Amino acid sequence: MAIEAVKAYFRAHGREQDILEFPVSSATVELAAQAAGVIPARIAKTLSFKRDDGCVLLVTAGDSRVDNAKFKTEFGCKARMLTADEVLAATGHAVGGVCPFAIDNTKVSVFADVSLKRFQTVFPACGSSNSAIELNCDELYEYSRSEKWVDVCKDWQG
């Protein structure tokens, strides 16, 4: 179970107790926001895209959308999302609980979008459709092993 892998990952960092498990679904941005009691923008959604050499995981604010031109400029390919089966195979996490943690696949590259930086804390999933953890942006970047901050989203700047 993916959440168990994420718990073990955060246990190694002394943060397992910070994982929130909700009695309701947090499988979408809206549901996660309701479960966590925050605005949808503070949900750090993880999107999965195909890349010739594997896949790109993009962690972005819940109210943003990928800008195709910016994505292509940054990553050198079109923004083509993985299927649910491809996401599970690449990350070990099922859609609804995809997160950038506890991924044991060298062909998966994680990037954090600057749309998150406007918040003190954000809430990424933790490997299940009813979990999250509250992290500041530096912690998210570190624990997700992000390669760098990118600016590939739109519709979040008001």
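What counts and what doesn't
- Residues numbered from 1 in each chain as written.
- Predicted model: local features only at pLDDT ≥ 70, side-chain atom pairs only at ≥ 80, totals over all residues.
- Heavy atoms only, no water.
- Helix = DSSP H or I, 4+ residues; strand = E, 2+ residues; numbered from the N terminus.
- Phe/Tyr/Trp six-rings, centres within 6.5 Å; stacked < 30°, edge-to-face > 60°.
- Buried < 20%, exposed > 50% of the residue type's maximum accessible area, 1.4 Å probe, protein only.
- Salt bridge = Lys/Arg side-chain N within 4 Å of Asp/Glu carboxyl O.

Visitor: Please give an account of unusual backbone geometry that cites residues and values.
Guide: A negative phi holds for most residues other than glycine; trans holds for most peptide bonds. Positive phi, close to 55°, is recorded for R145, a residue that is not glycine. Mapped onto the elements, R145 comes out in the loop between helix 5 (137-143) and strand 9 (149-150). Although it is not a glycine, D155 adopts a positive phi angle of roughly 70°.

Visitor: Account for the packing of aromatic side chains, with residues named and values stated.
Guide: Following the criterion strictly, the structure yields eight aromatic pairs and no others. Ring geometry for Y141 and W149: centres 5.5 Å apart, planes at 15°, overall stacked. Residue class for Y141 comes out partly exposed when judged on its relative accessible area of 25%. A residue is classified by how much of its surface remains accessible, and W149, at 22% relative accessible area, is partly exposed.

Visitor: Could you give an account of the pattern of salt bridges, with specific residues and numbers?
Guide: Pairs can form between side chains of opposite charge whenever their charged atoms are close. The final tally for this structure, using the stated rule, is eleven salt bridges. Between E21 and K7 there is a salt bridge, with its nearest N and O atoms 2.7 Å apart. Remark: K7 occurs in helix 1 (residues 2-12) and E21 occurs in strand 1 (residues 19-21); sequence separation between them is 14 residues. Using a relative accessible area of 15% as the deciding quantity, one classes K7 as buried. The closest approach of N and O atoms between E74 and K148, which form a salt bridge, is 2.7 Å. Highlighted residues: E74 in helix 3 (residues 68-75) and K148 in the loop between helix 5 and strand 9, separated in sequence by 74 residues. A residue is classified by how much of its surface remains accessible, and K148, at 36% relative accessible area, is partly exposed.

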